[in-house]
Amino acid sequence: MKTIIKILNELNRTEVINEAAAVIRQGGIVAFPTETVYGLGANALDPEAVKKIFIAKGRPQDNPLIIHVASKDLSPYVETVPTVAEKLMDAFWPGPLTLILKKKALIPDVTSAGLATVGVRMPKHDVALALISAAGVPIAAPSANRSGRPSPTSVEHCINDLDGRVDFILGADRSEVGLESTIVDCTVTPPCILRPGGIALEQLQAIEPTIYFPGSTKAVEGTPKAPGMKYRHYAPIAPLKIVHGVQELQDELLKHQKQGLKVGVLATEESLPLYQNEIVISLGHRNHLEEVGHKLYDALRLMDELGVEIILVEEFPEIGIGKAIMNRLKKAQQKDSQ
Ligand code: TXA
Ligand code: MG
């Protein structure tokens, strides 16, 4: 398939967004920017179009998609909007927060992977919002990476993964947040975080104190999970290991270097002086976790391009967006693919 690639600028903006919206309306698939990561979109109401997303990504069919909307009126798509969901929408939409709600029959089974619920998000990105409005339909979109790879935070990442596999790639700026949205299940009481992301637990609890993250306490038996979280995810090609503290880091470095492996380290500005001969990428300052989140996926992809054989990464505190950062690193560390 020939992929049309267009990079937005001030002159071509309206024309290119309209062109991409027409592809969506005609049942094609389009990679587009959001503030979290780039998405791979199709008309959420068109089962044949949505199927193309699964094929292009190599995504398991049991993994439901988030629908992206440009308005807070969800009545066409969901049965009810509980008070808690309304409060969260008022506080954080548009923004990196996905709400799980009971779906209406208008949302096809292939979009929700047969679940009775659907994830809905209003992205905080003017291009994404303009694209959804111009298309005139909700846009179903997972992250625009090949399944299992780190999510794309730039148009180059989308091109690397999807050129020749999708109809259109719409390029703009680098994704500001750099990590996916937080997913909150609003069909259960109390509401439960299925995936930590761009909105921190602390921010959510300031609006609704009962919200909890099972990963941070003890996982409750039978708690519904985001199906996608069971797969190895966000993963570079090289194995990744999280190290705790300077001593473990130096022990690990020595061990792998003795084995003759090409080691890559994801470090922070503060720890840079510790390294000499290794391949080192700084994720920014240790106490500026937003910067770390913004840079993480790009750094993981860069490590692959540099051909490292093992990636060591320093642990980050699980406060604020640190929870999402550590969640992604732990998933990337998982060895099995399912
Ligand atoms: O920031 C984001 O959320 C990005 C951008 C493009 O919006 N999208 C994204 O989509 O990360 P994806 O498909 O890569 O991840 C969506 C996650 C998956 O783990 C999926 O299983 C879960 O959301 N999910 C979707 N619908 C669900 C539902 N109805 N119930 C439970 N989990 C759901
Ligand atoms: Mg994804």
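Residues numbered from 1 in each chain as written. Chains lettered and ligands numbered in written order. Predicted model: local features only at pLDDT ≥ 70, side-chain atom pairs only at ≥ 80, totals over all residues. Heavy atoms only, no water.

With 13 residues, helix 1 (residues 13-25) ought to run about 18 Å at 1.5 Å a step, and its terminal C-alpha atoms sit 18 Å apart, in line with that. When helix 1 is considered as a whole, its buried residues turn out to be V16, I17, A20, A21, A22, V23 and I24. Structurally, helix 1 contributes buried residues whose contacts are with strand 1 (4-7), strand 2 (30-32), strand 3 (39-43), helix 5 (126-135), strand 7 (139-140) and strand 8 (168-171). With its phi angle positive at about 90°, G27 sits one or two positions after the end of helix 1. (Helix = DSSP H or I, 4+ residues; strand = E, 2+ residues; numbered from the N terminus. Expected span 1.5 Å × (residues − 1). Buried < 20%, exposed > 50% of the residue type's maximum accessible area, 1.4 Å probe, protein only. Contact = heavy atoms within 4.5 Å.)

We now examine unusual backbone geometry. A cis geometry characterises the amide bond from W93 onward to P94, with omega recorded as -5°. Looking at the element boundaries, P94 is found in the loop between helix 3 (83-92) and strand 5 (97-102). Cis geometry is found at the peptide bond from T189 to P190, where omega equals -5°. Tracing the backbone through its elements, the reader meets P190 in the loop between strand 9 (182-185) and strand 10 (192-195). One non-glycine residue, A113, lies in positive phi territory at about 50°. By the secondary structure assignment, A113 is in the loop between helix 4 (109-112) and strand 6 (117-121).

All right, on to the pattern of salt bridges then. With the rule as written, the count across this model stands at 15 salt bridges. Salt-bridge contacts for E35 lead to R121; the nearest nitrogen and oxygen are separated by 2.8 Å. Within this pair, whereas E35 is found in the loop between strand 2 and strand 3, its partner R121 is found in strand 6, the two being separated by 86 residues in sequence. The exposure classification of E35 matches that of R121, with both residues buried. K241 is the partner of E248 in a salt bridge, and the nearest nitrogen-oxygen pair spans 3.7 Å. Its relative accessible area of 24% is what places E248 among the partly exposed residues. Judged by relative accessible area, which is 27%, K241 ranks as partly exposed. (Salt bridge = Lys/Arg side-chain N within 4 Å of Asp/Glu carboxyl O.)

Packing of helix 1 against helix 5 brings their axes to within 8 Å, and their N-to-C directions diverge by 50°. Relative to helix 5, helix 1 is oriented oblique. Between helix 1 and helix 5 lies a crossing whose hand is right-handed. Together, R13, I17, N18, A20, A21, I24 and R25 of helix 1 and D126, V127, A130, L131, A134 and A135 of helix 5 make up the contact between the two elements. For the contact of helix 1 with helix 5, the class distribution of residues is 9 nonpolar, 1 polar and 3 charged. (Axes fitted to C-alpha atoms, helices over the stretch in contact; angles between N-to-C directions. Parallel < 35°, antiparallel > 145°, perpendicular 65-115°, else oblique. Left-handed = near helix turned anticlockwise from the far one by under 90°. Nonpolar A, V, L, I, M, F, W, Y, C, P; charged D, E, K, R; others polar.)

Once that is clear, we can look at the site of ligand 1. Around ligand 1, 27 residues are found, and the nearest of them are T36, N63, H68, S181 and G228. Note that an oxygen atom of ligand 1 is positioned 2.6 Å from one of the side-chain N or O atoms of N63. Protein contacts shield 98% of the accessible area of ligand 1, which totals 680 Å² for the unbound molecule. Breaking the shell around ligand 1 down by element, the ones donating at least two residues are strand 4 (66-68), strand 6 and strand 10. (Near = heavy atom within 4 Å. Polar contact = N/O pair within 3.5 Å; in protein donor to acceptor, adjacent residues only side chain to side chain. Areas by Shrake-Rupley, 256 points an atom, 1.4 Å probe, with all protein chains shown as cover.)

The next thing to look at is the environment of I29. Tracing the sequence through the fold places I29 in the loop between helix 1 and strand 2. Owing to a relative accessible area of 1%, I29 belongs among the buried residues under this scheme. Taking the C-alpha atoms as reference, I29 lies 36 Å from I319; in sequence the two are 290 residues apart.

Below, the discussion takes up the sheet that holds strand 9. The sheet built from 10 strands is open, its strands ordered 1-8-2-3-7-4-6-5-9-10 with mixed pairing. A strand with exactly one partner marks an edge of an open sheet, and here the two such strands are strand 1 and strand 10. As paired strands, strand 4 and strand 7 are joined by 2 bridges and run antiparallel to one another. When the sheet's bridge partners are listed, H68 is paired in strand 7 with I139. The strands touched by helix 1 within the sheet are strand 1, strand 2, strand 3, strand 7 and strand 8, with strand 8 carrying the most contacts at an inclination of about 145°. Where helix 2 (residues 47-57) meets the sheet, its contacts fall on strand 3 and strand 7, and the angle it forms with strand 3 comes to roughly 155°. (Pairing = 2+ DSSP bridges.)

If you trace the 4 strands from one edge of the open sheet to the other, you get 11-14-12-13, paired in parallel fashion. Whereas interior strands pair on both sides, the edge strands pair on one side only; in this sheet they are strand 11 (240-243) and strand 13 (279-282). Each strand axis lies, on average, 20° off the axis of its neighbour in the sheet, ignoring direction. Where strand 12 (residues 263-267) meets strand 13, 4 bridges bridge the pair, whose relative direction is parallel. When the sheet's bridge partners are listed, G264 is paired in strand 13 with I279. Along the sheet, helix 8 (residues 245-258) contacts strand 11, strand 12 and strand 14 (310-314); its crossing angle with strand 11, the most-contacted strand, is approximately 145°. Along the sheet, helix 10 (residues 322-333) makes contact with strand 11 and strand 14, crossing strand 11 at roughly 135°.

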